[in-house]
Amino acid sequence: MPKITPVKPFIRLYKPDETRKLCSFIVPENKAGELSINVKEDISGPDYKFLTELKNKSGQILGFENYSHFNNTDYMTGLLINVTPKYRRKNYFFGEILRLASIIQMLENNINIFFIKSKDTAIYFHAKYKFEPSIKSFSERDKLLETVVNDTSPDFKALSLKGVNLIQKINKCTSFKEQRHLCEETNKLLTEYINLVLSEQKQKDHKFNWPMDMVLKKDTILKNKNYFNNLFVKHNINYKI
């Protein structure tokens, strides 16, 4: 079998008079054949909204991601990521390829932080690509703590007890500033919980019951560059962090 040559992404300016950049690239070999990624303006919205499309060689859209990025800012906000249902969890890795595209977008645009609101069913997917909990809402914090506290699995007992202690602190707290601090403590606990679930590969046994604010930081990408670089190699994308 002939060796596949990795393809280098093409990076272009969104508009000639500004700094925002958009990428496109080919995935030369996939279970679904050759694929293409193209980031473009989302014509359904204003000029800070963009659309990443994943297509097969016939031009059929297999997945996409909408996100916003204002000019001269160092942050992005994910609005929706979606893969055609019949291709989900069947080792096509379409979600992974879309996520690699967003990482290229981050790095090429000097983005420091990528914000998302994850569906409860997608939290572990995003965490796999190094997104971390970033809860600021007190009600969201309390709902997500329920998942940890109510987890009766033996390996999660210590984290469950930490959750109980956190809820006790929350219930006794009368300071708004301290309540914000307890959100930060909850983010740390949820990170521990998610990492343990991922390490045991038992996502189906530890489902969340509420959406979660999450972030991917540029510093986190750089710390995990070997992980991401291996994913670029896996999909024959000639890009290195």
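Whatever comes next refers back to the structure up there.
Source: prediction; values computed, not measured.

Asker: Explanation requested: the overall build of the protein in the structure shown.
Answerer: What the protein contains, in helices and strands, is 7 helices and 9 strands. Relative to the globule expectation of 18 Å for 241 residues, the C-alpha radius of gyration of the protein, 19 Å, shows essentially globular dimensions. Oriented by its inertia axes, the alpha-carbon framework of the protein measures out at about 60 × 45 × 30 Å. Residues counted as buried form 42% of the 241 residues belonging to the protein. By sequence separation, contacts in the protein at least 24 residues apart represent 61% of the contacts at least 6 residues apart. For the protein, the exposed area adds up to about 13100 Å²; of that, 52% sits on carbon and sulfur atoms.

Asker: Sorry, what's going on with the nonpolar core here?
Answerer: In summary, soluble globular proteins display a tendency toward joint burial of nonpolar side chains. Membership of the largest hydrophobic core comes to 58 residues, with the highest contact counts inside it found for Phe25, Leu54, Phe94, Phe114, Tyr193, Phe208 and Met212. Here this core gets 9 residues from one element, more than from any other, and that element is helix α1 (residues 94-108). Non-local contacts of phenylalanine 25, meaning those with residues more than four positions away in its chain, are made with Pro9, Leu35, Ser36, Ile37, Ile97, Ala101, Ile104 and Ile237.

Asker: Any chance you could explain the sheet that holds strand β7 (residues 113-118) here in plain terms?
Answerer: In sheet architecture, strand pairing relies on hydrogen bonds along the backbone and comes in two forms, parallel and antiparallel. Ordered by their spatial adjacency, 9 strands build an open sheet running β1-β2-β3-β4-β5-β6-β7-β9-β8, and the pairing between neighbours is mixed. Looking at strand neighbours, the two that pair on one side only are β1 (10-13) and β8 (132-133), the edges of this open sheet. For strand β6 (residues 75-83) and β7, the ladder comprises 3 bridges, and the chain directions are parallel. Residue pairing across strands places threonine 77 opposite phenylalanine 115, the latter belonging to β7.

Asker: What exactly am I supposed to notice about unusual backbone geometry here?
Answerer: In terms of backbone geometry, most residues other than glycine have negative phi values and most peptide bonds are trans. Even without being a glycine, arginine 89 presents a positive backbone phi close to 55°. Inspection of the secondary structure puts arginine 89 in the loop between β6 and α1. The class of arginine 89 is exposed, set by a relative accessible area of 79%. Unusually for a residue other than glycine, asparagine 91 sits at a positive phi of about 65°. Examined against the element boundaries, asparagine 91 turns out to sit in the loop between β6 and α1. On the accessibility criterion, asparagine 91 (56% relative accessible area) is exposed.

Asker: Please explain the pattern of salt bridges as it appears in this structure.
Answerer: Opposite charge on two side chains permits them to pair, given that their charged atoms come into close proximity. Enumeration according to the criterion identifies 12 salt bridges in this entry. Of the charged contacts, one joins arginine 20 and glutamate 18 as a salt bridge, the two residues approaching to 2.5 Å between their closest N and O atoms. Glutamate 18 shares its class with arginine 20; the two are buried. Two residues, lysine 40 and glutamate 53, come together in a salt bridge whose shortest N-O distance is 3.3 Å. Placement of lysine 40 in strand β3 (residues 35-41) and of glutamate 53 in strand β4 (residues 49-56) is noted, with a sequence separation of 13 residues between them. A residue is classified by how much of its surface remains accessible, and glutamate 53, at 9% relative accessible area, is buried. When salt bridges that share partners are traced, they join Lys40, Glu53 and Lys55 into one network.

Asker: Can you help me understand the pairing of β7 in this one?
Answerer: Successive side chains on a regular strand alternate, one facing one side of the sheet and the next facing the other. The two faces of β7 differ: Phe114, Ile116 and Ser118 on one face are buried, but Ile113, Phe115 and Lys117 on the other face are not. A crossover links β6 with its parallel partner β7, the connecting element being α1, and its sense is right-handed. Bridging between β7 and strand β9 (residues 212-217) involves 6 bridges; their strand directions are antiparallel. In the strand pairing of β9, serine 118 is matched with methionine 212.

Asker: Just to check I follow, could you spell out the packing of aromatic side chains for this structure?
Answerer: Within the structure shown, the criterion is met by 15 aromatic pairs. Taking the centre distance of 5.3 Å and the plane angle of 45° together, the rings of tyrosine 92 and phenylalanine 94 count as tilted. In terms of burial, tyrosine 92 and phenylalanine 94 fall into one category: buried. Taken together, Tyr124, Phe156, Tyr193 and Phe208 form an aromatic cluster joined through their ring pairs. Between the NZ or CZ atom of lysine 130 and the centre of the ring of tyrosine 227, over which it lies, the distance is 4.5 Å.

Basis of the calculations
Residue positions are given per chain, counting from 1 as you read along its sequence in written order. Given that this is a predicted model, residues contribute local features only at a pLDDT of at least 70 and side-chain atom pairs are listed and counted only at 80 or more, while totals for whole chains, interfaces and linings are drawn from all residues. As a rule here, side-chain values cover all heavy atoms of the structure and leave hydrogens and water aside. Labels follow the DSSP assignment, with helices taken as runs of H or I lasting at least four residues and strands as runs of E lasting at least two, numbered in each case from the N terminus. For the radius of gyration, the atom set is restricted to C-alpha positions; the globular benchmark scales as 2.2 Å times the number of residues to the power 0.38. Type-normalised accessible area, obtained with a 1.4 Å probe on protein chains alone, sets the label of each residue: buried when under 20%, exposed when over 50%, and partly exposed for intermediate values. Any two residues having at least one pair of non-hydrogen atoms within 4.5 Å are treated as being in contact. The protein chains shown are the only cover counted for residues, whose accessible areas, like all others here, come from Shrake-Rupley with a 1.4 Å probe. By nonpolar core is meant a set of buried Ala, Val, Leu, Ile, Met, Phe, Trp, Tyr and Cys residues that side-chain atoms within 4.5 Å join together. Each pair of strands is called paired provided DSSP finds at least two bridges between the two strands. Salt bridges are counted wherever a side-chain nitrogen of Lys or Arg sits within 4 Å of a carboxyl oxygen of Asp or Glu. By convention a crossover is right-handed if, when the strands point away from the viewer, the path from the first strand over the helix to the second runs clockwise. Classification of ring pairs uses Phe, Tyr and Trp, with its six-membered ring standing for Trp, and accepts pairs whose centres are within 6.5 Å; under 30 degrees between planes counts as stacked, over 60 as edge-to-face, and the remaining range as tilted. As a reminder, the over-ring test applies to NZ of lysine and CZ of arginine, requiring each to be within 6 Å of the ring centre and within 35 degrees of the ring normal.

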